[in-house]
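Notes for the structure review
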Amino acid sequence: MNKPTQCIRILLLSGLLSLSFHVQAVYPEKPIKIIIGFPAGGPLDAHIRLLVDKLQTSLGQTVIVDYKAGAGGTVGAQFVAQSPADGYTVLLANTGTMVINPAIYSNPPYETLRDFQPIARTAQQPLALIVNKDVPANTLKEFIAYAKANPGKLNYGSAGNGGISHLVPEMLKSETGIFMVHIPFKGSAPAFTDLIAGHVQFMAESVPQAANYAKQGKVKALAVTSVKRNPALPNTPTVIETGVANFEVVGFYGILAPRGTPPEVTNKLSQAFKETLESSEVQKKMIDQGADPAYLNAEQFSKFLAAEMPRWAKAVKQAGAKLD
């Protein structure tokens, strides 16, 4: 190789290394958008609002929350999967969006492990089984008896077809032999509105929102789906305690980016969420709401998702839930 050619190669290599260092050093250089596949006012919205201030401080950039609701979170997930893999558009997703939808939809528009780069798991939390305040039942056993006495006359609301708030009532129906009619909504907020108004009688929803409405006397909490009672609803028994059914369901929240996002961007985002979730102030607020701060880094979250998908696919099959 002649000397001029060698000099050119060295200059090009130096330029690429300099560019790589520059990308790593400056990210993020503009606001980061977090997409939620459900309407404002739901559990995911409440969750990210607890994190935004600390997250912005850690990243040194503005964090914008945007909503692209529809199809149990599928619309928002598909939008992010098709976005540039540059770390500026990421998804805040839940159990339904990431591990239930791929099993419950016949032809889902994305594959979790193929189309996304996991960034960080941010929380785990059980669901609360709640009813309209005028339903003549104060315990889960009483509600099951009431449902059996009124087959087909009770409706349950969910945040959308295919999500955890759809699947858990189906699991309860399978366990207890009751029949309720599913009414899907475009998110938890409108579902709660109709539950409070009495248009639907039952819901299975994340503890933070359920506890908030229960404490206001707008709904009655009958049970929680964790093994242990939840601090946000200390007087509400677990489903297992009631003796009605023997199942435990704990959902999760997490951040994902489009597949192909550079490792240095992935690591910086993941570290920012770690720092945010280590804040004692953030942890206290999350626990008071009923969520468990449960950080996993990008690699750990990837392994977690890989393990969760077959478990939920089995639950979907056992519940007989399927969507076209």
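Residues numbered from 1 in each chain as written. Predicted model: local features only at pLDDT ≥ 70, side-chain atom pairs only at ≥ 80, totals over all residues. Heavy atoms only, no water.

**Considerations on empty space enclosed by the protein**
The gaps of empty space that remain are located by a probe, the size of a water molecule, rolled over the atoms. Applying the stated criterion across every chain yields a total of two cavities of 30 Å³ or more. The volume enclosed by the largest cavity comes to roughly 250 Å³. Along the wall of the largest cavity there are 25 residues; nearest its centre are Pro-43, Asn-94, Ile-164, Glu-205 and Tyr-253. Looking at the lining of the largest cavity, the elements with two or more residues in it are α2 (43-59), α4 (95-104), β4 (116-132), α7 (164-176), β7 (202-206) and β9 (250-258). Here the lining of the largest cavity is built from residues that sort into eleven nonpolar, twelve polar and two charged. The volume enclosed by the second largest cavity comes to roughly 40 Å³. In this structure, the second largest cavity is lined by Pro-43, His-47, Leu-50, Gln-125, Pro-208, Tyr-253, Met-286, Gln-289 and Ala-291. Breaking the lining of the second largest cavity down by element, the ones donating at least two residues are α2 and α12 (280-289). The dominant element in the lining of the second largest cavity, judged by the number of residues it contributes, is α2, at three residues. Of the residues assigned to the lining of the second largest cavity, the class counts are six nonpolar, three polar and no charged. (1 Å grid on protein atoms, 1.4 Å probe; cavity = no way out; pocket = protein on both sides within 12 Å on 5 of 7 lines; lining within 4 Å. Points joined across faces, edges and corners; volume = space filled by probe spheres on them. Helix = DSSP H or I, 4+ residues; strand = E, 2+ residues; numbered from the N terminus. Nonpolar A, V, L, I, M, F, W, Y, C, P; charged D, E, K, R; others polar.)

**Topic: the environment of His-47**
Position of His-47 relative to the elements: it lies in helix α2. Sequence separation of His-47 and Ala-291 is 244 residues, and the distance between their C-alpha atoms is 8.8 Å. Discounting residues that sit within four places of it in the chain, His-47 has contacts with Leu-92, Thr-122, Ala-123, Tyr-253 and Met-286. (Contact = heavy atoms within 4.5 Å.)

**Examining the side chain of His-182**
Structurally, His-182 is set in strand β6 (residues 181-184). A distance of 2.7 Å separates polar atoms of two side chains, one belonging to His-182 and the other to Ser-158. Beyond its immediate chain neighbours, meaning those up to four positions away, His-182 contacts Tyr-156, Ser-158, Asn-161 and His-166. (Polar contact = N/O pair within 3.5 Å; in protein donor to acceptor, adjacent residues only side chain to side chain.)

**Looking at the nonpolar core**
Formed by 53 residues in total, the largest nonpolar core has its most connected members in Met-98, Leu-129, Phe-143, Leu-167 and Trp-312. The element contributing the most residues to this core is helix α13 (residues 298-319), with eight residues. Within the second largest apolar cluster, 32 residues are counted, among which are Tyr-88, Ala-257, Val-265 and Met-286. (Core = buried A, V, L, I, M, F, W, Y, C linked by side-chain atoms within 4.5 Å. Buried < 20%, exposed > 50% of the residue type's maximum accessible area, 1.4 Å probe, protein only.)

**Regarding the packing of α4 against α13**
One can describe the packing of α4 onto α13 by two numbers: an axis separation of 8 Å at closest approach and a directional angle of 50°. Classified by the interaxial angle, the pair formed by α4 and α13 is oblique. Remark: the crossing between α4 and α13 carries right-handed chirality. Residues Thr-95, Met-98, Val-99, Ile-100, Pro-102, Ala-103 and Ile-104 of α4 lie in contact with α13, whose contacting residues are Leu-305, Glu-308, Met-309, Trp-312, Ala-313 and Val-316. Per-class residue counts for the contact of α4 with α13 are eleven nonpolar, one polar and one charged. (Axes fitted to C-alpha atoms, helices over the stretch in contact; angles between N-to-C directions. Parallel < 35°, antiparallel > 145°, perpendicular 65-115°, else oblique. Left-handed = near helix turned anticlockwise from the far one by under 90°.)

**As for the side chain of Thr-238**
Tracing the backbone through its elements, the reader meets Thr-238 in the loop between β8 (219-224) and α10 (239-242). By relative accessible area, which is 1% here, Thr-238 ends up buried. Residues in contact with Thr-238, not counting those within four places in the same chain, are Ala-223, Val-224, Ser-226, Val-227, Lys-228 and Arg-229.

**Focus on the pairing of β4**
The buried fraction of β4 is high, at 16 of 17 residues. Bridging between β4 and β9 involves nine bridges; their strand directions are antiparallel. Residue pairing across strands places Pro-118 opposite Leu-256, the latter belonging to β9. Alignment of β4 against strand β10 (residues 292-296), held across three bridges, turns out to be antiparallel. Paired with Arg-121 across the two strands is Leu-296, which belongs to β10. In this sheet, β7 lies alongside β4 in antiparallel orientation, the contact comprising five bridges. In the sheet register, Val-131 faces β7, and the bridge partner there is Phe-202. (Pairing = 2+ DSSP bridges.)

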